[in-house]
Amino acid sequence: MTKITPVLMAGGSGTRLWPVSRKSFPKQFAQLVGEETLFQASARRLSGEGFGDPVVMTNADFRFIVAEQLDQIGITPQAIVIEPLGRNTAPAILAAALMEGADDPDRLLLVAPSDHVIPDAAAFARAVQAGAGPARQGRIVTFGITPTRPETGYGYLELAGQGEGPQPLARFVEKPDATRAQQMLEQGNFLWNAGIFLFSARSMIEAFRAHASAYIDPVQAAIDGAHTDLGFLRLARAPWEGLGNESIDYAVMEKADNLTVVRFSDHWSDLGGWDAVWREQLGDEATGIVADGRSTAIDCRNVLLRSDSEDLQIVGIGLDDMMVVATSDAVLVAGMDRAQEVRQAVTALKKKGRKQAESFPRDHRPWGWFETLALADRFQVKRIVVKPGAALSLQSHVHRSEHWIVVSGTARVTVDETVTLVTENQSIYVPLGAVHRMENPGKVPMVLIEVQTGSYLGEDDIIRYEDVYARDSRD
């Protein structure tokens, strides 16, 4: 039997889980529940018997995170496809269908977000197999979750029939108010829309031709103009720029007449807000308290207390129906019933020009990460961690000089024509304008403290001459 190709969508920003999820490192790559990240758990769930190697649709900022997290769990992707610009799910799904369809038009693709929680992978695999038959017959299969509460944060699928097997879809239903959600729960033929789709490449391409034909030529042109970049496939930017910004639901699904729904009644969550994270971790706790090891709840009920910083302790006293989520640079305090409004915090902070809206103090790079320890008008102090065998780009700066102090491991440092090994407790000076590079030749992470001084300390003050990760000054 031909294996189903998983297509993992991994480009979203997850603003409803701010401050842990931000544009620079969104929720799918964070460890929110369980031992793995949501992305890793999703990739593992769509692997093994019946599944082929995954195709991952992402953007340039996340390409190395995707590759690293897949490598950590031993999954080799068929392709990691880089979208030039965010254009919602419609063009990304069409691109996957066109690429896979060029090899085999009847190949089945399972498109899934990479930030869902589905603990019973075997049950989900059975649901996928239940949908495989209709998909091979030319149906587009969507998966609906049996609702357990009158949820107003999800869209719904109305079934045209009854029973447990695959059913025709009557219509999509937008997010309802509380009264309507309760009515739909009681009727029993409405399911939560999980945003997971199973189809043949041929069926999806035909659906676009019928309902969103303007996408076909630009997306195909982006594929034809794609080039390989360190194992990633970069779609061409120019054709992609002119595409509409539409979801697959709006562009195709709500207009198609060949949709089938497979009901999934086991546990599922899209972790679409901190209230969902709270429910996911609650278990049988009668008091409703979810508190991590850096948090303490005193005389509280129905609270989520979470600190992602070892140096920040949360203590809640007499709180009811509240969530408090802290990172090293931001704290969210809100009523549990306001979880869907957390994205407003991101909007408000962006208007104020605060970096916390989208960026973390710790900035991930393909070679490791860095974080700012102190920042003033003419100096900045950073901690830099470089992975074994990794190297920063050969670069220079126009506005700053740097002083590096190695505190763990060994650095191979190039400054103009001189190459020096710098070990623990040793330092080296990089003058303004010098062409320099830092490498970790060892087998353990290398940690150093960097002190920058100069008139401008922004990350865009970099002139790159060589880079093993093929980046330019924009990434």
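Residues numbered from 1 in each chain as written. Predicted model: local features only at pLDDT ≥ 70, side-chain atom pairs only at ≥ 80, totals over all residues. Heavy atoms only, no water.

Caption draft 1: Seen up close, the overall build of the chain. What the chain contains, in helices and strands, is eleven helices and 28 strands. Its C-alpha atoms give the chain a radius of gyration of 24 Å, near enough to 23 Å, the size a compact globule of 475 residues would have. In terms of its C-alpha atoms, the chain occupies a principal-axis envelope of roughly 75 × 60 × 40 Å. Going through the 475 residues of the chain one by one, you find that 50% of them count as buried. Here the contacts in the chain between residues at least 6 apart in sequence split such that 68% fall between residues at least 24 apart. (Helix = DSSP H or I, 4+ residues; strand = E, 2+ residues; numbered from the N terminus. Rg over C-alpha atoms; globule rule 2.2 N^0.38 Å. Buried < 20%, exposed > 50% of the residue type's maximum accessible area, 1.4 Å probe, protein only. Contact = heavy atoms within 4.5 Å.)

Caption draft 2: Quick peek at the sheet that holds strand E16 (residues 320-326). Spatially, E12-E14-E16-E17 is the arrangement adopted by the four strands of the open sheet, whose pairing is mixed. Both edges of this open sheet fall to strand E12 (289-291) and strand E17 (331-335), since each of them pairs with a single strand only. Sheet twist, expressed as the mean angle between neighbouring strand axes with direction ignored, is 10°. Here strand E14 (residues 301-307) pairs with E16 via six bridges, running parallel. Each bridged residue has a counterpart across the sheet, and for Arg306 the counterpart in E16 is Val325. (Pairing = 2+ DSSP bridges. Axes fitted to C-alpha atoms, helices over the stretch in contact; angles between N-to-C directions.)

Caption draft 3: Region of the structure containing the domain arrangement of the chain. Domain boundaries in the chain define domain 1 (5-264), domain 2 (274-352) and domain 3 (362-466). The distance between the C-alpha centroids of domain 1 and domain 3 comes to 39 Å. (Domains from an automatic or database assignment.)

Caption draft 4: Up close: the packing of aromatic side chains. Under the criterion given, the structure shown has eleven aromatic pairs. With a centroid separation of 6.2 Å and 50° between ring planes, the pair formed by Phe25 and Phe29 is classed as tilted. By the burial criterion, Phe25 is buried, and Phe29 matches it. Aromatic side chains Phe64 and Phe232 sit 5.3 Å apart centroid to centroid with 85° between the ring planes, which places their arrangement in the edge-to-face category. Of the two residues, Phe64 sits in helix H2 (residues 63-72) while Phe232 sits in strand E10 (residues 232-234), which places them 168 residues apart along the sequence. Each of the two residues, Phe64 as well as Phe232, counts as buried. Three or more aromatic residues joined by ring pairs form one cluster here, namely Phe25, Phe29, Phe39 and Phe62. (Phe/Tyr/Trp six-rings, centres within 6.5 Å; stacked < 30°, edge-to-face > 60°.)

Caption draft 5: Layout of the packing of helix H1 (residues 38-45) against H2. Axis separation between H1 and H2 bottoms out at 10 Å; the angle between their running directions is 55°. Regarding the angle of H1 to H2, the classification is oblique. Along this stretch, H1 crosses H2, giving a crossing that reads as right-handed. Contact residues: H1 offers Phe39, Gln40 and Ala43, while H2 offers Val66, Gln69, Leu70 and Gln72. Within the contact of H1 with H2, the residues separate by chemical class into four nonpolar, three polar and no charged. (Parallel < 35°, antiparallel > 145°, perpendicular 65-115°, else oblique. Left-handed = near helix turned anticlockwise from the far one by under 90°. Nonpolar A, V, L, I, M, F, W, Y, C, P; charged D, E, K, R; others polar.)

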